[in-house]
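Each chain is listed here by its residues.
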Amino acid sequence: MGSSPRYHPISHYTPIYLLILLVIPSITAAINITSILAAHPDLSDFERLLATTGVANELSGRSSLTLLVVPNSNLARSSDLTRSAGDIADVLRYHVLLEYLSWSELRRIPASGKLVTTLYQTTGRAASNLGSVNITRSASGVLIARSPAGNATVLSPIATFPYNASVLAVDALLIPPGFDLAASETRPPPAVNISRVLSDGHDFNVAASMLAASGVAAEFEADERGAGITVFVPTDEAFAELPATERLQSLPADRKAVVLRFHVLHSYYPLGSLESIVNPVQPTLATEDTGAGRFTLNISRVNGSVAIDTGVIQASITRTVFDQNPVAVFAVSRVLLPREIFAKGAHEPQLAPPPLDPVALSPDNDTPPTRLSSPPGLRNDIKSGSAARSDPAAITTSCIAILYLLLLLR
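The structure presented is a predicted model; accordingly, all values stated were derived computationally and were not measured. (Residues numbered from 1 in each chain as written. Predicted model: local features only at pLDDT ≥ 70, side-chain atom pairs only at ≥ 80, totals over all residues. Heavy atoms only, no water.)

Concerning the overall build of the protein
Basically, it comes down to this: Secondary structure elements are taken from DSSP: a helix is a run of H or I of four residues or more, a strand is a run of E of two residues or more, and numbering for both begins at the N terminus. Accessible area is worked out with a 1.4 Å probe on protein chains only. A residue is then buried under 20% of its type maximum, exposed over 50%, and partly exposed in between. Note on definitions: a residue-residue contact is assigned when non-hydrogen atoms from the two residues lie within 4.5 Å. Each accessible area is a Shrake-Rupley estimate made with a 1.4 Å probe; only the visible protein chains count as cover when residues are assessed.
Helices and strands together make up the secondary structure of the protein, namely 21 helices and 14 strands. Looking at the protein residue by residue over its 410 residues, the buried ones come to 39%. Long-range pairs, those at least 24 residues apart, make up 65% of the contacts in the protein with a sequence separation of at least 6. Roughly 23100 Å² of accessible area belongs to the protein as shown, and the carbon and sulfur atoms make up 56% of that amount.

Digging into the confidence of the model for the protein
This is how it is decided: Per-residue confidence from the predictor is reported as pLDDT, a score between 0 and 100.
Averaged over all residues, the pLDDT of the protein is 75; the fraction at 70 or higher stands at 69%. Here residues 1-29 scores under 50 on pLDDT; set against residues more than four positions off or in separate chains, the count is 6 contacts. Here residues 183-188 is modelled with pLDDT under 50, and outside its nearest four sequence neighbours on either side it reaches 5 contacts, counting other chains as well.

Focus: the pairing of strand β4 (residues 132-137)
The condition is simple: We call two strands paired when DSSP finds no fewer than two bridges between them.
Strand direction decides the pairing type here: strand β3 (residues 114-117) and β4, joined by 4 bridges, are antiparallel. Directly across from Val-116, in β4, lies its bridge partner Val-133. Relative to strand β5 (residues 143-147), β4 is paired through 4 bridges, and the arrangement is antiparallel. Residue pairing for β5: Asn-134 is matched across the bridge by Arg-146.

Remarks on the sheet that holds strand β11 (residues 296-302)
Two orientations exist for strands paired in a sheet by backbone hydrogen bonds: parallel and antiparallel. One open sheet holds the 7 strands; their spatial order is β9-β8-β14-β13-β12-β11-β10, and the pairing between them is mixed. Edge positions in the sheet fall to β9 (264-265) and β10 (281-283), since each has one partner strand and no second. With 6 bridges joining them, strand β13 (residues 314-324) and strand β14 (residues 327-332) adopt antiparallel strand pairing. Opposite Arg-319, over in β14, you have Ala-331 as the bridge partner.

Digging into helix α10 (residues 194-201)
For clarity, the threshold we go by: The arc under discussion is defined with respect to the helix axis, by the directions toward the C-beta atoms. We call two N or O atoms a polar contact when they sit within 3.5 Å, provided that within protein one can donate a hydrogen and the other can accept it, with sequence-adjacent residues counted only if both atoms are side-chain atoms.
Every buried residue of α10 is accounted for by Ile-194, Val-197, Leu-198 and Gly-201. An end-on view of α10 places all buried positions within 95° of arc, on one side of the element. Of the exposed residues in α10, the ones pointing more than 90 degrees away from its buried face are Arg-196 and Asp-200. The backbone nitrogen of Ser-195 lies 3.1 Å from a side-chain oxygen of the residue at the head of α10, namely Asn-193. Looking one or two places after α10, you find His-202, whose phi comes out positive at around 65°.

Let's talk about the environment of Glu-219
With respect to the element layout, Glu-219 can be found in helix α12 (residues 216-223). A polar side-chain atom of Glu-219 sits 2.8 Å from a polar atom in the side chain of Arg-261.

As for the pattern of salt bridges
Under the convention used in this document: Throughout this description, the term salt bridge denotes a Lys or Arg side-chain nitrogen within 4 Å of a carboxyl oxygen of Asp or Glu.
Across all of its chains, the model carries 7 salt bridges by this definition. A salt bridge links Glu-99 to Lys-114; the nearest nitrogen and oxygen atoms lie 3.1 Å apart. Placement of Glu-99 in the loop between β2 (96-97) and α8 (103-107) and of Lys-114 in strand β3 is noted, with a sequence separation of 15 residues between them. What makes Glu-99 partly exposed here is its relative accessible area of 27%. With relative accessibility at 28%, the residue Lys-114 sits in the partly exposed group. One salt bridge in this structure joins Arg-301 and Glu-275, with 3.2 Å as the shortest N-O distance.

Looking at the nonpolar core
Short version of the rule: In this text, buried Ala, Val, Leu, Ile, Met, Phe, Trp, Tyr and Cys residues form a nonpolar core when linked through side-chain atoms within 4.5 Å.
Counting 54 residues, the largest nonpolar core has Ile-194, Leu-198, Phe-232, Leu-274, Ile-317 and Val-329 as the members making the most contacts within it. The element contributing the most residues to this core is β14, with 6 residues. Residues within four places of Ile-317 in sequence aside, it is in contact with Phe-232, Leu-271, Leu-274, Val-306, Ile-308, Phe-330, Ala-331 and Val-332. Counting residues in each nonpolar core, the second largest holds 46 residues, with Leu-37, Ala-56, Leu-68 and Val-116 among its members.

Quick look at the packing of aromatic side chains
Put simply, the rule reads: The criterion for an aromatic pair is that two Phe, Tyr or Trp rings (for Trp, the six-membered ring) have centres within 6.5 Å, with stacked assigned to planes under 30 degrees apart, edge-to-face to planes over 60 apart and tilted to the rest.
Here the structure, examined in full by the defined rule, presents 4 aromatic pairs. Judged by centre distance (6.1 Å) and plane angle (85°), the ring pair of Tyr-94 and Tyr-120 falls under edge-to-face. Of this pair, Tyr-94 sits in the loop between α7 (88-93) and β2 while Tyr-120 sits in the loop between β3 and β4, placing them 26 residues apart in sequence. Judged by its relative accessible area of 0%, Tyr-94 is buried. Judged by relative accessible area, Tyr-120 falls into the buried class, the value being 1%.

What to know about the sheet that holds strand β7 (residues 165-170)
Judged by pairing direction, the sheet is mixed, and its 7 strands sit side by side in the order β2-β1-β7-β6-β5-β4-β3 without closing on themselves. Each edge of the sheet is formed by a strand with only one pairing partner; in this case those strands are β2 and β3. Where strand β1 (residues 65-69) meets β2, 2 bridges bridge the pair, whose relative direction is antiparallel. Paired with Leu-67 across the bridge in β2 is Val-96.

In structure tokens, the structure reads:
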């Protein structure tokens, strides 16, 4: 006979902290998905995409999820991914199942399958509410993730954190229904409204108002049509922390516009590209107006984050606000102050040189009169000093004059 389960009623002797643990549901710690994937080099490309699109940030506050990841070799065969960078974020969200599924649970899925909602479904962009993935199991036990646009075979479990997160490898990308990736290759992406991106970010009110007042935002959108742009946006807190000595708000409108252009690179750089940038000195849109070598940013990796040095201050990228080729927008910890404007003395008026000795300027001018009178012939002897050096008589006369002065001073 099997022993019956034992129950332990709560008594008044039970410590209070145990009562709290029994009564209050446990709070699940957030799982850092990028840290999990970093331990697997063959998943580095998928990890980079999660980070550069900002989807990794969306997962940081979630629990109870299952992530379907594609190994590097399988991802390389998914050519659609590189042809439609604008849709990458939603494709990745389609790989986030909003339910914790352990490997043992997956092996018990019925033949009819299990329909699981994805993170893509929550965006409201899923065509006809078809933002779910169907996990099925074949007669031979092979697990398959099915979508209307294609299927992927589940290869193996990568990591499992009970009741919180599960990571599974699949052999191909799952494409959300309604995505015409081939067509998006030839269709130019619409211009991104930078001001709207900042408004949606809820932490960039000062930067958004400066852009609107300056008219520079229109230039940004025009530049998207070329190699794209990368925008570094200071948060409202960064503006609030500007020292009172920094005169940003007192600058004339044209100089403010230069500072705003100084926050923009005239190329599209996702976060991964900035982290591995080869040439750290990067020209900005302000460089184009002022000449090579001016208004440049020095970008490097410091203590695991991207640092931006202006020559006056050093800021760091705090998060990805928007990343959709050809536009990347990053929040930065400080306002980027160009040294050409804010370096000490850059705008101070040049001090006038000290006045020179009038005697040195004009040796023929008489010096102001004093209460002592010079002996006759003394000034002429001093003026003709060069000639006196070679005339013994002149030397004797000068000595007599000096002795005469000394007697007067006594």
